[in-house]
Protein chains: 2
Amino acid sequence: MANWIWYPGDFEIYHGMKQNYDREERGFFWPAYWHMSDWRHHLRFRAVFCLERQEVIRVAAKGRGYVNVKYRQTPPPWMKQDEEYWSETKYPIGKDIVCQPGDMMVEAVVGNMEGLPCICVTGDTIVSDGTWLVWDFASEEVSAGWNGMYVRPEQNPMEFEYTSQVLQPKEVGEVNGGLLFDFGREVTAETVITFPEDVRDVTLCYGESRQEALDTEFCYLKQELKAGQPGPDGGEMEELFGRFETEGTYHTRLRAFRYIFVPGTEAASGLQIRADHKFVDFPRRSSFTCGDERINKIWEVSEETFRLASGIFFLDGIKRDRWIWSGDAYQSYFINRYVSFDKEICKRTILALKGNDPVVQHINTILDYSMYWVISLEDYFEMTGDDAFLKMIYPKMESMMNYLMEQLDENGFIYGRPGDWVYIDWADLDKEGTLCAEQMLLARSYQAAARVREILGIDGQEYLERFQKLKKNICTYFWDEEKGAYIDSYVSGRRHVTRHANIFAVLFGYTDDDETESIVKNVLLNDEVDAITTPYFKFYELEVLASLGYFDRVMETMKDYWGGMLDRGADTFWEEFKPDQPEEEQYSMYGDKYGKSLCHAWGASPIYLIGRYFMGVRPVTPAYASFEVKPQLGQFERFECTFPVGEGSVWMRYENGILKVKADRPGGVLKAGQDSYELEADKELVIVEERGSDQR
Amino acid sequence: MANWIWYPGDFEIYHGMKQNYDREERGFFWPAYWHMSDWRHHLRFRAVFCLERQEVIRVAAKGRGYVNVKYRQTPPPWMKQDEEYWSETKYPIGKDIVCQPGDMMVEAVVGNMEGLPCICVTGDTIVSDGTWLVWDFASEEVSAGWNGMYVRPEQNPMEFEYTSQVLQPKEVGEVNGGLLFDFGREVTAETVITFPEDVRDVTLCYGESRQEALDTEFCYLKQELKAGQPGPDGGEMEELFGRFETEGTYHTRLRAFRYIFVPGTEAASGLQIRADHKFVDFPRRSSFTCGDERINKIWEVSEETFRLASGIFFLDGIKRDRWIWSGDAYQSYFINRYVSFDKEICKRTILALKGNDPVVQHINTILDYSMYWVISLEDYFEMTGDDAFLKMIYPKMESMMNYLMEQLDENGFIYGRPGDWVYIDWADLDKEGTLCAEQMLLARSYQAAARVREILGIDGQEYLERFQKLKKNICTYFWDEEKGAYIDSYVSGRRHVTRHANIFAVLFGYTDDDETESIVKNVLLNDEVDAITTPYFKFYELEVLASLGYFDRVMETMKDYWGGMLDRGADTFWEEFKPDQPEEEQYSMYGDKYGKSLCHAWGASPIYLIGRYFMGVRPVTPAYASFEVKPQLGQFERFECTFPVGEGSVWMRYENGILKVKADRPGGVLKAGQDSYELEADKELVIVEERGSDQR
């Protein structure tokens, strides 16, 4: 089978730029404010074949260029006789080419100024695929990039092929002298408006919430239409927002919403709006239900949130800002393991985030986000065992590591330079001097980089030594014996303690038992230390608590915090939730009345907490060759669930003190209470248990 | 007046890539085979204003983004009171924006995946121009790029605006059972074909020569058309070659030709073809005629050749290969001084050749071509005195110098690495080890780089020291006392002498009088040393001979060599001419029967030789603030000429031993025989002379 092929990583860079240019707000576009590296525009593809019989091939391409068919010849006398010598004939792209038997080579040179240069070669035996080599006329020739989506010459790799689902509004009501269309759930959709004969002007006010849609002045997405005409100014710019398919049918660009309000119209007018929902139909490889309906609802809404935010790439929020953020994506990689276990979206996101070398800026301008990116490579391998991908991306990892190591102080601590954003979280961190939490991430990055090298058979010692030295210095400079915790900064003298660095320290296993105990007591369970307010960092806080066995507390927090959003009518989880915030302000953020994203990937972490800790499903060795299942039976009266374990699945049901477990692949171990049981493939294991759990 | 603005240098990189993708051959495209760096796709433009009264502005842009209007505010208490603090409001692109009086800033953020991000801001006092700052979200903010061509919002900087001239064929004749259209001169034109009712199939066979057009099998440019239909395969690829304007009218892409042959058609059919010639209408700022009609014809054909090869950029050949070559362009910079003295095409070409940093490859992959590029910066300044341009391009010069200095051996000699093309000329040079001619160019590059630094007030000492050291080593290693000449290589032991290094040595002033004498005797006037066969290197050979006063010989060579092409029917000058080549093979090159370019910029050097040496017009100080005119009266019975001297012109007439000279600007000195005369502005100087010349 033929594949479309391109320069490895450039498909993702191309679509990444498209994605980062996709944010719309109140009639204008807002391209992401960081440097975006470009894909290559000019390539040579080639592959060698030994044809047994004549064959007709055709090269489809995006761009302009030619095909060069070469045949091996015995070198002429004036050449070294051991040198390769090929005859060559050039042909146009897109036409039949008759290839003759023998040792031959097919080369295609393609330049594409506007888009992604790529080719698809189809013949009986000559087809383009990942075994072809590609050259950018400067650096070393490498293996071509490809993916499973583009396998037919008629396809266009510059168009991502979404699944499309046309939705009619669930409910249309007359409100405030206008029509409110409620599609019953949040969608990312192109809107199709059909104008009645006598309606000329239509204003679309979109809302993730009903309140937003009805707020015609401040709603985030809004468009004014005149039947049959482009907008007031016409021209290029207007076309970016949509087009008239016919006099009376307007088709908008992709937007995220649940509600659309059209002021000054009534039901009688006959105005119709439908939504053409575009999404990637990831397989549903997990399920979870238990005796507690609130938890079931939290699971359901988390999955809905996560699926909406997963497309070509892992996005942060589907209305705002539709950009690709490394910190948000990092958590999505983990959640993804417990939903559809899709490798492709991980690879696409990792490649789009990194862009091309040289590194000229931190990913999303954020220091910590560059480090999450490095760490994600090791995690991706643990999930998939895909060393081919590591091999491909390895040079980019090293260039990122070098970029990080260019900004270390004499203690090996990483600091922010002008233009670097030292973020960690929306929280009151003492950022004077170097910041402890950043050092934790750097230490973890050294470990990840060393591991990646080992996997590829390259010596990782250098990074391990740097890790040891850094870990020691972190203790020396940031550990406060008196407070029994890590402080943000040792420079300011304020010796301020926040949860963040301490969470990382325990999570990454940088603390001994006493230090852990101390951090739990003085920080994690200490209400005097500022609470985490973002679901983003709640992810790490609850993970560390779960990993320490504080299941009651984690369960309680899930019910209060995520449940709290449900009580506010959330049908997807939000970017931020402050329980004490009055309802009328609950959608505001960044000084914008509707600035808060109501469908935000990092809101979906309960899936991870439940799958990884309450159900205890995790890989022990890469790609789940061996894996562990360790359900917290004490937390549930009953539950039933399925989770991916690599290419296979594990199923559990628990009821009336009886646990049934079955995996369709070998390598599994069940841990219940203090006991361990081998899981044989396709063999149901039944355990009648005397209640036990690791609850502290 | 408003200008369209972009990232400095990126307009030229964008159009440079377009140009280098423009080569067509036998139904396919042939993008240049070197790495082409990309323009930036994502920018922020801004400028600060102090508005006295309210003003409405509009921002036109290519790409998507927004406008941000900011007003200076007193900082809030929590900020340092000396920090800048601005309120901000975002607006769509392309719509009216009302700006209020006061200290304010206009920012525009534009992303453009497919093309060049650029803006044009129009208001009463707020207009976009070179004073605006532009930022690529990574490197330092710089002054915006612009040029005089794009000053209206309706314009599109991605479309270069050519002058257009519709030409009917001068002659249409029936030959070989087909129709031959002769347009009387070579043109770069879109061809418009009007199909008669009953003609369905038309094959266009183009030719720079009559022979090529009539050779339906091997002609270089050929297209088959079916009335009313795209080509056999239809689709994207076909559209690149042209389009049907109506059922019966086809409009081709731009092609270079004088003849078009349509086989199997007769005059009666009524088939019509016209040519829409596209060119840049550079001013005609020079003229030359003398008593010798052959020289006049050579001048005329040289100018025709040069004008055809000068468009957005200086091209090498207009049929083949339409690419931008640094070595060819370098000679065009000099010829340009004696034709239209256009600064803009020099700047465009210099910027397009260099591309963006980092340097990843030599310009056109050729070692010597990177060095010509560096040297051209000093020459450009000598011609124009334009230090603003040097300031803008300076960082790119340094990165190029660093790239060159990365490949020096222990003697400071530059060598070719794998992938580097060590060219110099189509000649039999001994390229084992380092090559002498390349070292001459490196020495010259050090001098140029030092000079550029001095002009910008930066210390150039480092480069001057490198120059001295290198010059010494060149003598030590490459000067052969016995042969009294420079040898190509000291490594091979062959001690082979070619003209090239010796020409550079004298031309660059690296020889003392004895060495010069020796080189003249042993190389330049020694017929046993291989003759130069390309007009390309004839440029340097004849220049050095002229500079030494061998005017008879130079004149003779011009008449034989360029005159020889005229005798072969040339109406433009060729890429290569071998007087002994039989007529039927005279158009072949690179193993292609019509591979030779018949209109090639480097063929136009007689203009430079006449202007610079026979008429002796040259700048003494930058921008011709002071200049010299030194006609070789002994070579002519009579002549009349005009040449640019910076912004001004100098006119001369010589007849019956009386020389009249007049310049419209001060600073000129006339040298005739042994005497010097001040040239006052607009005052005619008349000299009745006793024959004298510097002829040796």
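Residues numbered from 1 in each chain as written. Chains lettered and ligands numbered in written order. Predicted model: local features only at pLDDT ≥ 70, side-chain atom pairs only at ≥ 80, totals over all residues. Heavy atoms only, no water.

> How do you make sense of the packing of helix α14 (residues 551-567) of chain B against helix α15 (residues 606-614) of chain B when you look at a structure like this?
For any two helices packed against each other, the geometry is given by the interaxial angle and the distance between the axes. Residue and element names in this part refer to chain B. For the pair α14 and α15, the least separation of the axes is 12 Å and the interaxial angle reads 160°. Accordingly, the angle class assigned to the pair α14 and α15 is roughly antiparallel. Of the two elements, α14 crosses α15, and the hand of that crossing is left-handed. On α15, the residues that touch Phe551, Val554, Met555, Met558 and Trp562 of α14 are Pro606, Leu609, Ile610, Tyr613 and Phe614. In the contact of α14 with α15, the residues fall into 10 nonpolar, no polar and no charged. (Axes fitted to C-alpha atoms, helices over the stretch in contact; angles between N-to-C directions. Helix = DSSP H or I, 4+ residues; strand = E, 2+ residues; numbered from the N terminus. Parallel < 35°, antiparallel > 145°, perpendicular 65-115°, else oblique. Left-handed = near helix turned anticlockwise from the far one by under 90°. Contact = heavy atoms within 4.5 Å. Nonpolar A, V, L, I, M, F, W, Y, C, P; charged D, E, K, R; others polar.)

> What should I look at first to understand a nonpolar patch on the surface in this one?
On the surface, A:Ile658, A:Val686 and A:Val688 cluster together to form a nonpolar patch covering roughly 250 Å² of accessible area. By the secondary structure assignment, A:Ile658 is in strand β27 (residues 658-663). (Patch = residues over 30% accessible without salt bridge, like charges linked within 9 Å, V, L, I, M, F, W, Y side chains within 5 Å. Areas by Shrake-Rupley, 256 points an atom, 1.4 Å probe, with all protein chains shown as cover. Salt bridge = Lys/Arg side-chain N within 4 Å of Asp/Glu carboxyl O.)

> What is the right way to read the sheet that holds strand β24 (residues 627-629) of chain A from this model?
Strand-to-strand pairing in sheets goes through backbone hydrogen bonds, with the strands running parallel or antiparallel. All names here are of chain A. Across the sheet, which stays open at both edges, the four strands sit in the order β23-β24-β28-β29 with mixed pairing between neighbours. What marks the edges here is a single partner per strand, and that holds for β23 (617-619) and β29 (675-679). Adjacent strand axes in the sheet meet at a mean angle of 25° when their direction is disregarded. Where strand β28 (residues 668-672) meets β29, five bridges bridge the pair, whose relative direction is antiparallel. Its bridge partner lying in β29, Leu670 is registered against Tyr677. (Pairing = 2+ DSSP bridges.)

> I would appreciate a short explanation of the sheet that holds strand β4 (residues 55-62) of chain B in the present structure.
All names here are of chain B. The strand order across the open sheet formed by three strands is β7-β4-β9, and the pairing between neighbours is antiparallel. Since the sheet does not close on itself, it has two edges, and those belong to β7 (96-99) and β9 (118-122), each with one partner. Neighbour-to-neighbour, the strand axes of the sheet open up by a mean angle of 30°, direction not taken into account.

> Please explain helix α13 (residues 535-547) of chain A as it appears in this structure.
Given 3.6 residues per turn, any residue in an α-helix points the same way as the ones three and four places further on. Residue and element names in this part refer to chain A. With 13 residues, α13 extends 18 Å from end C-alpha to end C-alpha; this agrees with the ideal 18 Å at 1.5 Å per step. Taking burial as the measure, the 13 residues of α13 include 12 buried ones, the bulk of the element. Considering only its buried residues, α13 is in contact with α5 (326-336), α7 (367-384), α11 (499-507), α12 (513-524), α14 (551-567) and α15 (606-614). Backbone geometry just after α13 places Gly549 at a positive phi near 95°. (Expected span 1.5 Å × (residues − 1). Buried < 20%, exposed > 50% of the residue type's maximum accessible area, 1.4 Å probe, protein only.)

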